[in-house]
Amino acid sequence: MSNLKSQEIKRLTTPLKFINSKAYDSEGNLVSCVETLSEVKFIIEPKEGILTEDEILQYAPDSKAAAKIRLNRGLGDMEDVLLVHESLPWIFGLYYVILVGFALPVIYTKNTILMIVLLILFIIPLVYSYYIFNLKNYEYKPKKLHTLPKKDIPEAKKVTKTETPTPVANTSEVESLKSYEREANNLKVLFDVKEGVVKELIAKRFEPPQITYDKFITMVDSCHKLFYNQFDSAMNIIKLATEESPRIREELDNKISNMKTIIDQIEDLTNELVINISSEDQSDSDVQVLLDDMENLIESVKEY
């Protein structure tokens, strides 16, 4: 993975810094506020031309870019539409307020032509809204494959009794495990980024040499060892499996679940350290609770 891509993933996955009610990413860039009908939040948008669509969905699932990708793939919902067109409800609201102001004198004068024009102006945004918010318009339409005329299709080579066709058994079954391989690799990249972030925060909060610093770093290193144990085990299963079976899928699901749990614990510790560094009292009680949770997690996964 290129250094530029790693930096972008780190930027997207690092918690925001809030200074004077303004949000900034890890590079110090101001993050715009996104206001929809249901909530107000700060979302880091991925830079163009660095990450693939799948990587954007993995590392910036709440962004507008991810919403557009889901809609283009026919997997989006109404929240994605509202996020992509966040300003549309407010524009329509202002539009109708102004239109009503013009409509009142027209209704009073009973000018038929102007009333028809106003009716059309009232209907146009409604038609546009129906088109924008109708999820059926975002259904994925696969491209039509180019088919050759029958006369241009070459005849399949006949296999005689003396010829041995290339074996294709187990290909589809093993291919079905590729999704686990992709997910495991994505989780590995995400863990590496988050591990680097949390170590930087630990060093900032507990400047070495300190016993507390050593304790936290030792715990993160234990999580690293445990995560890669699960990762390597999953990759070995995928590599050595000759066919798919419920038992194999169950083992891979457990490995992936353990990897996600470890990442969640690292993420929780990262968020708590960010809050702890920003607070005036700098109480370590909440961080200590997370440290205990990480110890319990390590022990439970080891037992598994």
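What counts as what
Every chain is numbered independently, its residues counted from 1 as its sequence is written. Confidence filtering applies because this is a predicted model: local features only for residues at pLDDT of at least 70, side-chain atom pairs given and counted only at 80 or more, and all residues used for totals across whole chains, interfaces and linings. Water and hydrogen atoms play no part in the side-chain values, which are based on all heavy atoms of the structure. Secondary structure follows DSSP: runs of H or I at least 4 residues long count as helices, runs of E at least 2 residues long count as strands, and numbering of each begins at the N terminus. Burial here depends on accessible area, computed with a 1.4 Å probe over protein chains only, as a share of the maximum for the residue type. Under 20% is buried, over 50% is exposed, and the range in between is partly exposed. Contact criterion: two residues are considered in contact whenever any of their non-hydrogen atoms come within 4.5 Å of each other. Per-residue accessibility takes into account occlusion by the displayed protein chains alone, with areas from the Shrake-Rupley method and a 1.4 Å probe. Within the patch definition used here, like charges are joined within 9 Å and nonpolar side chains (Val, Leu, Ile, Met, Phe, Trp, Tyr) within 5 Å, considering only residues with over 30% relative accessible area and no salt bridge. Take a side-chain nitrogen of Lys or Arg and a carboxyl oxygen of Asp or Glu: if they are within 4 Å of each other, that pair is a salt bridge. Axis definition: a line fit to C-alpha positions, over the contact stretch in the case of helices; interaxial angles, taken between N-to-C directions, run 0 to 180 degrees. Angles are sorted into four bins: roughly parallel if under 35 degrees, roughly antiparallel if over 145, roughly perpendicular if 65 to 115, and oblique for all others. Nonpolar cores are built from buried Ala, Val, Leu, Ile, Met, Phe, Trp, Tyr and Cys residues. Side-chain atoms within 4.5 Å join them into one set. Two rings belonging to Phe, Tyr or Trp (six-membered ring only in the last case) form a pair when the distance between their centres is within 6.5 Å. Interplanar angles under 30 degrees mark stacking, angles over 60 mark edge-to-face geometry, and anything in between is tilted. The pairing criterion is simple: DSSP has to find at least two bridges between the two strands. Between N or O atoms, a polar contact is any pair within 3.5 Å; within protein, one atom must be a potential hydrogen donor and the other a potential acceptor, and residues adjacent in sequence are included only when both atoms are from side chains. Points on a 1 Å grid over protein atoms alone make up a cavity when a 1.4 Å probe fits among them but cannot get out, and a pocket when they form an open set with protein on both sides within 12 Å along at least five of seven lines; lining residues each have an atom within 4 Å of a point. Grid points are joined across faces, edges and corners, and a volume is the space filled by probe spheres set on the points. Ten residues, namely Ala, Val, Leu, Ile, Met, Phe, Trp, Tyr, Cys and Pro, are considered nonpolar, four, namely Asp, Glu, Lys and Arg, are considered charged, and the remaining ones, Gly among them, are considered polar.

### Describing the overall build of the protein chain
Logical step 1: Helix and strand counts for the protein chain come out as eleven helices and five strands.
Logical step 2: Counting all 304 residues of the protein chain, 33% fall into the buried class.
Logical step 3: Taking contacts inside the protein chain between residues at least 6 apart in sequence as the whole, the part at least 24 apart equals 62%.
Logical step 4: With an accessible surface of roughly 20100 Å², the protein chain has 57% of that area assigned to carbon and sulfur atoms.

### Observations regarding a nonpolar patch on the surface
Logical step 1: A surface patch of nonpolar side chains, about 330 Å² in accessible area, is lined by L94, I98 and F102.
Logical step 2: When you line up the elements, I98 lands in helix α5 (residues 88-109).

### A few points about the pattern of salt bridges
Logical step 1: Going through the model one piece at a time under the given rule, you end up with 13 salt bridges.
Logical step 2: The residue E251 makes a salt bridge to R247 at a minimum N-O spacing of 3.1 Å. Of the two residues, E251 and R247 are both situated in helix α10 (residues 246-278); the distance of four residues between them amounts to about one turn of the helix.
Logical step 3: One continuous salt-bridge network, built from bridges that share partners, spans E8, R11 and D25.

### Focus on the packing of helix α8 (residues 178-205) against helix α9 (residues 211-240)
Logical step 1: Axis separation between α8 and α9 bottoms out at 11 Å; the angle between their running directions is 170 degrees. Put simply, α8 runs roughly antiparallel to α9.

### Observations regarding the nonpolar core
Logical step 1: I202 and F227 are the most contacted members of the largest nonpolar core, which has 49 residues in total.
Logical step 2: Contributing elements (two or more residues each) for this core: α1 (3-13), α2 (53-59), α3 (64-72), α8, α9 and α10.
Logical step 3: Considering each element in turn, this core owes the most residues, twelve residues, to α9.
Logical step 4: Not counting the four nearest positions on each side in its chain, F227 is found in contact with L187, K188, F191, M259, I262 and I263.
Logical step 5: L71, V81, L88 and I132 belong to the second largest nonpolar core, which has five residues in total.

### Regarding the packing of aromatic side chains
Logical step 1: Summed over all chains, the structure comprises seven aromatic pairs.
Logical step 2: Taken together, a centroid distance of 6.3 Å and an interplanar angle of 75 degrees make the contact between F191 and Y228 edge-to-face. Of this pair, F191 sits in helix α8 while Y228 sits in helix α9, and the two are 37 residues apart along the sequence. Across the pair, exposure class does not vary: F191 and Y228 are buried alike.
Logical step 3: Members of the aromatic cluster, each reached through a chain of ring pairs, are F191, F227, Y228 and F231.

### Here's the deal with the sheet that holds strand β1 (residues 17-19)
Logical step 1: Pairing is antiparallel in the open sheet, where three strands are placed in the order β1-β2-β3. Looking at strand neighbours, the two that pair on one side only are β1 and β3 (30-31), the edges of this open sheet.
Logical step 2: With three bridges connecting them, β1 and strand β2 (residues 22-24) associate as antiparallel partners. Along β2, the bridge assignment pairs F18 with A23.

### A short note on α3
Logical step 1: When α3 is considered as a whole, its buried residues turn out to be A66, A67, I69, R70 and L71.
Logical step 2: Tucked into the core, α3 has its buried residues touching α2 and α4 (78-84).
Logical step 3: Backbone geometry just downstream of α3 places G74 in the positive-phi region, at approximately 75 degrees.

### Re the side chain of S63
Logical step 1: Within the secondary structure layout, S63 lies in the loop between α2 and α3.
Logical step 2: From its side chain, S63 meets the backbone nitrogen of A66 in a polar contact 3.2 Å long.
Logical step 3: Sequence-distant contacts of S63, that is, excluding residues within four places in its chain, are made with I43, I44, E45, P46, I56 and L83.

### Re the layout of surface pockets
Logical step 1: Here the largest pocket defines a volume of roughly 490 Å³.
Logical step 2: Those elements that provide at least two residues to the lining of the largest pocket are α1, β5 (40-42), α2 and α8.
Logical step 3: Of the residues in the lining of the largest pocket, the class split is eleven nonpolar, four polar and four charged.
Logical step 4: Volume-wise, the second largest pocket comes out at about 370 Å³.
Logical step 5: Lining the second largest pocket we find 15 residues, and of these T14, K17, L201, K204 and V274 sit closest to its centre.
Logical step 6: Every element with two or more residues in the lining of the second largest pocket is listed here: β1, α8 and α10.
Logical step 7: With four residues, α8 is the largest single contributor of residues to the lining of the second largest pocket.
Logical step 8: Broken down by class, the residue content of the lining of the second largest pocket amounts to eight nonpolar, three polar and four charged.

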